[in-house]
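A structural walkthrough
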Amino acid sequence: MMTVTYTARVANARFCGFSKLLLAWRGSIYKVLYKEFLAFFVMYSTISVSYRFFFLEDQKRYFEKLSIYCNHYSSLIPMSFVLGNLCFYVTLIVNRWWSQYRSIPLPDRIMCVLSGGVQGGDERGRLLRRSMMRYASLSALLILRSVSTAVFKRFPTIDHVKQTLPHDLIDFSPSLGFMTREERKKFESLQSPYNKYWIPCVWFSNLAAVARNEGRIRDDNTYKLLLEELNDFRGKCSLLFHYDMISVPLVYTQVVTLAVYSFFLVCLIGRQFLDPAQGYPGHDLDLYVPVFTLLQFFFYAGWLKVAEQLINPFGEDDDDFETNWLIDRNFQVSMMAVDEMYGDLPVMERDRYWNDSNPRPPYTAATLFVLRKPSFQGSTFDMTIPRDEMHFQPLEKIGEQLEETVTRTHNLALFNRFLGSTPSPTGFVGGALRRTSAQLRRLTRSVSPDPSFSEGEEESSKSMPDTTQSTICSCGGPVCSPAPPTESVDKNTEDSLPPSERKSPMTLEQVLSRFCSNPDFFSFQPISDSAKVMTLAKMYEESEPLHGIPSIEVSTCLEDSSRGETLNDPKQWLRVNDQNLNQGLKMVDSRYDHFRSHQL
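Calculation rules
- Residues numbered from 1 in each chain as written.
- Predicted model: local features only at pLDDT ≥ 70, side-chain atom pairs only at ≥ 80, totals over all residues.
- Heavy atoms only, no water.
- Helix = DSSP H or I, 4+ residues; strand = E, 2+ residues; numbered from the N terminus.
- Buried < 20%, exposed > 50% of the residue type's maximum accessible area, 1.4 Å probe, protein only.
- Areas by Shrake-Rupley, 256 points an atom, 1.4 Å probe, with all protein chains shown as cover.
- 1 Å grid on protein atoms, 1.4 Å probe; cavity = no way out; pocket = protein on both sides within 12 Å on 5 of 7 lines; lining within 4 Å.
- Points joined across faces, edges and corners; volume = space filled by probe spheres on them.
- Nonpolar A, V, L, I, M, F, W, Y, C, P; charged D, E, K, R; others polar.
- Salt bridge = Lys/Arg side-chain N within 4 Å of Asp/Glu carboxyl O.
- Phe/Tyr/Trp six-rings, centres within 6.5 Å; stacked < 30°, edge-to-face > 60°.
- Axes fitted to C-alpha atoms, helices over the stretch in contact; angles between N-to-C directions.
- Parallel < 35°, antiparallel > 145°, perpendicular 65-115°, else oblique.
- Contact = heavy atoms within 4.5 Å.
- Disulfide = S-S within 2.5 Å.
- pLDDT = per-residue confidence, 0-100.
- Expected span 1.5 Å × (residues − 1).
- UniProt positions renumbered as here; feature names shortened; annotations may be inferred.
- Core = buried A, V, L, I, M, F, W, Y, C linked by side-chain atoms within 4.5 Å.

1. Looking at the overall build of the protein
- Across its full length, the protein carries 21 helices and two strands.
- Taking all 600 residues of the protein together, the buried fraction comes to 33%.
- Roughly 39300 Å² of accessible area belongs to the protein as shown, and the carbon and sulfur atoms make up 59% of that amount.

Structural data, given as structure tokens:
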């Protein structure tokens, strides 16, 4: 707890709310810094008066050169560095200060467990509860006496811990105070070179075991909970002891202090106002009081004083923790909780909202404005969505959209990867043909007679005109002419046939005839004008050959002289087309591999 409390004065933000705090003296920066500030001003004034009234002319000229020198080289101590380290140092001290306060052991949790866990309204039960609670308070007193100067002044010896009345220094009553006479003898008989604040905690745990054996603690869960609360209490005592033993590294404190005070020692000479008649640059104005230098000292030295105030909050400064008040409060509250309040319950009766399903506590006239505010329902409570976007979509449609999105993303990634490796047009065509050939080869190994090829599709294929229409793939692949239609096989009829008479998987000729007859495969579109047909020979004649790679002549899929003969013989047509396709793929693969090796 801080001694200086101003929370109620800044409860509401208002115009110049903090300005009223600037007039406070107790715990203020003025009270902490005024001595250093006056010392700095007195030294500055002494040097200024000596320069103006006591120095000779030669001495003044020498002092002016010294002042200019100090002011020029004071920039070697960068204030941004000093301010940054000072702010970080103060932040570290403030965090450490708050952590130390949170480490102060408080008996509230232990007293609640003791009051409800250790049973017995007789003298024995009362003695057990009070003794265990007193041991916990004694442990906290011993650790605070070890780290706080204010507590040590209150309890300078163990005899002062044992007695109750501070004015009674002779009569040591055996049953009063934090420690009895027998407990003091036992405490002093235990020899240890270390701090013995933990001994009352061990007494507490032993006494809890006795209460468990006597049945005062009914079950093991309560016994376990009591020991866990004790360990948490003892852990805070240990943490407080280690905070006192492990300080902020001394070198850090020294560096920050030296940086601040050495800078302002240089300013005592470098910030002096020199004679304007000498014409020194920047010294056109002669003043007696260095206002901005004093403000700079107030801010920087003030930050350093804040760290000095908070680095040890267990002293006797205005902003240090009120450890003696904490000792009094904790001891009185804990003893009342485990003794007077044990089993002391008010009479239970129905509350005023017994039959009210929506109880609302009353409001005063000063708080009626709260009722006019709507209840908060969430940040999205007032959001509006267009009506056409509020309808649920069928799962099938959502699945198709997701599949299309994944396919497009995958194809785009492959396309970007392909372009990054082979940016030339010839390489692009070669990669497309290589992927097409791989797909066709997989189809020849895995595709079986398709039962979905219905009679309607067969009739539509028969109805196609027997012309010399040619088709071309959108990726620039080889030319395919319409193939003779194939007969479809009914699935039921095929299942009724013996295994020896069933059809084997489709061959390459069947796959080519099926897909070349289907204009939707790979976006094939019919071309009525034969002059517009792009064959492999035409494609490589028009394209620019790569530097250093020999070109390969490839014949067209179907020469004009043999076009009629191949149309009459479907097998011959498939054989010639397959040979041309394989030749073209081999050529593209060789050009692609040659280009890759040449590029590497």
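2. As for the layout of surface pockets
- Quantified by volume, the largest pocket comes out at close to 890 Å³.
- Among the elements of the structure, α1 (29-54), α3 (79-102) and α12 (291-310) are those that each provide at least two residues to the lining of the largest pocket.
- In terms of residue count, α12 provides more of the lining of the largest pocket than any other element does, four residues in total.
- Of the residues assigned to the lining of the largest pocket, the class counts are 14 nonpolar, five polar and four charged.

3. Considering the pattern of salt bridges
- For the structure shown, the criterion picks out 20 salt bridges.
- One salt bridge connects glutamate 214 with arginine 124, and the closest N-O pair in it is separated by 2.7 Å. A residue pair is termed long-range when its members are at least 10 positions apart, and glutamate 214 in the loop between α9 (199-213) and α10 (220-245) and arginine 124 in helix α5 (residues 123-147) qualify at 90 residues.
- We classify arginine 124 as partly exposed; its relative accessible area is 36%.
- Residue glutamate 183 is joined to arginine 134 by a salt bridge in which the shortest nitrogen-to-oxygen separation is 2.7 Å. Taken together, the positions of glutamate 183 in helix α8 (residues 181-189) and arginine 134 in helix α5 put the pair 49 residues apart, joining distant regions of the chain.

4. Things to note about empty space enclosed by the protein
- Scanning all chains against the criterion turns up four cavities of 30 Å³ or more.
- Computed from the structure, the second largest cavity encloses a volume of approximately 90 Å³.
- Ser137, Ala140, Leu141, Ile327 and Asn330 are the residues nearest the centre of the second largest cavity, which is lined by 13 residues in total.
- Counting only elements with at least two residues in the lining of the second largest cavity, the list comes to α5 and α13 (323-340).
- If you tally residues by element for the lining of the second largest cavity, the top one is α5, at five residues.
- For the lining of the second largest cavity, the per-class residue count stands at 11 nonpolar, two polar and no charged.

5. Describing the packing of aromatic side chains
- Counted according to the given criterion, the structure contains 24 aromatic pairs.
- With a centroid separation of 6.3 Å and 45 degrees between ring planes, the pair formed by phenylalanine 37 and phenylalanine 297 is classed as tilted. With phenylalanine 37 in helix α1 and phenylalanine 297 in helix α12, this residue pair connects regions lying 260 residues apart in the sequence.
- Phenylalanine 37 gets classed as partly exposed once you look at its relative accessible area, which sits at 25%.
- Residue classification places phenylalanine 297 among the buried positions, given a relative accessible area of 3%.
- Measuring from ring centre to ring centre gives 4.6 Å for phenylalanine 40 and phenylalanine 297, while their planes differ by 5 degrees; the resulting arrangement is stacked. Here phenylalanine 40, found in helix α1, pairs with phenylalanine 297, found in helix α12; they are 257 residues apart in sequence, far enough to count as distant.

6. Considerations on unusual backbone geometry
- A positive phi angle, near 55 degrees, is found at cysteine 16, a position not held by glycine.
- Position of cysteine 16 among the secondary structure elements: in the segment before α1.

7. Some words on the packing of α1 against helix α11 (residues 250-270)
- At a minimum axis separation of 9 Å, α1 and α11 run at an interaxial angle of 30 degrees. Judged by the inter-axis angle, α1 sits roughly parallel to α11. Listed contacts from α11 to Glu36, Phe40, Met43, Tyr44 and Ile47 of α1 are Tyr261, Phe264, Cys267, Leu268 and Ile269.
- Classifying every residue of the contact of α1 with α11 by side-chain character gives nine nonpolar, no polar and one charged.

8. Thoughts on the state of the cysteines
- Per the stated rule, a full pass over the model turns up zero disulfides.
- Residue cysteine 237 stays outside any disulfide, its sulfur separated by 5.7 Å from that of cysteine 201, the closest cysteine.
- With relative accessibility at 0%, the residue cysteine 237 sits in the buried group.

9. Concerning the confidence of the model for the protein
- Looking at the protein as a whole, its pLDDT mean stands at 76, while 66% of the residues score no less than 70.
- Below a pLDDT of 50 lies the segment residues 446-494, which in the model reaches 79 contacts outside its immediate sequence neighbourhood of four places, other chains included.

10. Some points on α9
- Taking 1.5 Å of rise per residue, the 15 residues of α9 would be expected to cover 21 Å, and the 22 Å separating its terminal C-alpha atoms lies within 8% of that figure.
- Along α9, the residues that are buried comprise Ile199, Pro200, Cys201, Trp203, Phe204, Leu207, Ala208 and Ala211.
- Where α9 is buried, its residues contact α4 (108-117), α5, α8 and α10.

11. Digging into the UniProt feature "transmembrane region" (unreviewed entry) in the protein
- When the UniProt feature table is mapped onto this chain, "transmembrane region" (unreviewed entry) is found at residues 37-55, 75-94, 251-273 and 285-303.
- Taken end to end, residues 37-55 has its terminal C-alpha atoms 26 Å apart, with 95% of it in helix and 0% in strand.
- As a span, residues 285-303 carries 68% helix and 0% strand, and end to end its C-alpha atoms are 30 Å apart.

12. So, the nonpolar core
- Formed by 72 residues in total, the largest nonpolar core has its most connected members in Leu114, Met132 and Phe204.
- The biggest single contributor to this core is α5, with 12 residues.

13. Overview of the side chain of asparagine 330
- On the secondary structure map, asparagine 330 appears in helix α13.
- Given the relative accessible area of 9%, asparagine 330 is considered buried.

14. A closer look at α12
- Under the 1.5 Å per step criterion, the end-to-end length of α12 is 29 Å for 20 residues, consistent within 8% with the ideal 28 Å.
- Among the residues of α12, Thr293, Leu294, Gln296, Phe297, Tyr300, Ala301, Gly302, Leu304, Lys305, Ala307, Gln309 and Leu310 are the ones counted as buried.
- Turning to α12, the residues buried within the fold contact α1, α3 and α11.

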